[in-house]
Amino acid sequence: MATTREKRGSEKVMAAWKARVLTEASIKEIAASFEKSPATIEGATFFGGEHSTGLSLSLSYEGDDGPWCGNDILFWLKWHLGHGGNPRPPRIIINGTPFPDLVRMELDFGHVAEQAAGLQDLAGEIGAIGVHG
Amino acid sequence: MAESQTSSPTGIAPVLQIHPTRRCNIACAHCYSVSGPTAREELPLELLSGCLADAARLGYRQLAVSGGEPLLYRPLPDLLARARELGMVTTITSNGMLLTARRWEPLAALVDVLAISIDGTPEEHDVIRRCDGAFARTTANLEVVRSSETPFGFIFTLTQHNADSLEFVIRLAAEEGARSVQVHPLTAVGRAAETMPHARPDEIELATALCEASMLGRELGVVVHVDAITADQLREHRCSLVPRTPVTDLAAVAPVLIVDADGTVIPLTHDVSPPLRLGSLGEAGGLATLADEWLAAGGGDRLAEACGRAWAELTGAIVPLAVYWYDEVAAQTRALAPADGVRPHPELVTTPA
């Protein structure tokens, strides 16, 4: 059996990508949490195509439900502690101070970075040798 | 403007790559020039000054100084200043371990881009550099370069086993303020041929590196350049990759020209067959004469023929995902003629006190 050192770099890249794929269980965990939340899910975007690696949720809260926003951020933090990923900080918009009428929040789960380009999409100059010679 | 200034295979100015010394503070496992602490070969500044002037006249617009460790070449500031006087862009490639403020300050204003070798995670880097603590020493010196405001980038040597480390290096570049990462495939030349004989990356590893570079570069805002081309690029850019014959312009067929620490002048890459080398700088007349004689003897045409063969083979029945073009051309040059090396001029190589 090949040791880690003898493995191809591409095999390790592939293994890392597979480890990032969202499992059914992890998605169910997210769904269960937001069923309890009063947040309205305005939109959900999966990243990574067939084998999704990340999910971005766009949420809104009525003014009275604003404190729930903090509970959902706590769940988001715990989820990443359990599942890993490169979490981007939540984006939060509060409409109305000091008493919010509406709170909008976007939460990312997992890896939501742009997917790798296919070789056919690689543009630009011919990469025979770089600037450093 | 000469054709060679605009139509090199990379779209960049033709590069004169000088290895002025084989002295180095470390002896890396993958070193193609077999440099190290005990190596003493060094080229005199006067010889290289003449070479620079000739190269500028021949259309070379960039001086890339490598080694050995360039910071151990004492006349380096004078060499860089001479290149600047000739209107050349200057770059140096360093392992970064000796980049102290004392060493860097006299050079900072003379260098357009500094390339620092980073070959993976700290553990991986130290293994390939065969020096414990090498990574820590290099990264500790980055602040010296940053404070000088000289643009700097990282060079990562891609092997068969380390495409997964590219992410670490690109993230490090983003965190440390490096503008670019150049991914250079390992070639089985010099010490690498002995210590890492099976580590040359194949087409799958090159293609993986291209994909990782594209994705991570965009995500992290770092320019990542892989010295490899895809099958589609090969097909589309034949006119840039295969020079027209008869070749009358050195820079058109050799957009990268290497001067080794023993004075040998080599077109494209170290692995080009010895009979296709231009000769030694110590021979009468210097680089200009070497270039004239080489072209007159058909060296340019034979190199162009090797490019044509490489292109035809790579775009034939079995098309690879990606290739390191110069490696492929070098393989064709070895098929063209039997190995019969050019010997460096005996008076050329000096040993500093």
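Residues numbered from 1 in each chain as written. Chains lettered and ligands numbered in written order. Predicted model: local features only at pLDDT ≥ 70, side-chain atom pairs only at ≥ 80, totals over all residues.

Draft legend 1. Spatial organisation of the overall build of chain A. Along chain A, the regular secondary structure elements total 3 helices and 4 strands. Listing each helix as α and each strand as β along chain A from the N terminus yields α-α-β-β-α-β-β. Out of the 133 residues belonging to chain A, those deemed buried represent 27%. By sequence separation, contacts in chain A at least 24 residues apart represent 62% of the contacts at least 6 residues apart. (Helix = DSSP H or I, 4+ residues; strand = E, 2+ residues; numbered from the N terminus. Buried ≥ 20, exposed ≤ 12 C-beta atoms within 10 Å, placed from the backbone. Contact = placed C-beta atoms within 7 Å.)

Draft legend 2. Region of interest: the environment of Leu-314 of chain B. All names here are of chain B. If you trace the backbone, Leu-314 turns up in helix H14 (residues 299-314). Taking the number of C-beta atoms within 10 Å as the measure of exposure, Leu-314 has 20 and is therefore buried. Discounting chain neighbours no more than four positions away, the residues touching Leu-314 are Leu-234, Val-319, Pro-320, Val-323 and Glu-328.

Draft legend 3. A look at the sheet that holds strand E7 (residues 223-226) of chain B. All names here are of chain B. The strand order E7-E6-E5-E4-E3-E2-E1-E9-E10-E11 describes an open sheet built from 10 strands, whose pairing is mixed. In the strand order of this sheet, the two ends are held by E7 and strand E11 (279-280), each with one partner. Where strand E1 (residues 15-18) and strand E2 (residues 62-65) come together, 4 bridges link them in parallel fashion. Across the sheet, the residue bridging to Gln-17 is Ala-64, located in E2. (Pairing = 2+ DSSP bridges.)

Draft legend 4. Just the packing of helix H1 (residues 9-20) of chain A against helix H9 (residues 203-220) of chain B, in detail. Between H1 of chain A and H9 of chain B, the least distance of the axes is 8 Å, while the angle of their chain directions is 45°. The orientation of H1 of chain A with respect to H9 of chain B, classified from their angle, is oblique. For the pair formed by H1 of chain A and H9 of chain B, the contact residues are Gly-9, Ser-10 and Val-13 of chain A on the first element and Ile-204, Glu-205, Thr-208 and Glu-212 of chain B on the second. Among the residues forming the contact of H1 of chain A with H9 of chain B, the class breakdown is 2 nonpolar, 3 polar and 2 charged. (Axes fitted to C-alpha atoms, helices over the stretch in contact; angles between N-to-C directions. Parallel < 35°, antiparallel > 145°, perpendicular 65-115°, else oblique. Nonpolar A, V, L, I, M, F, W, Y, C, P; charged D, E, K, R; others polar.)

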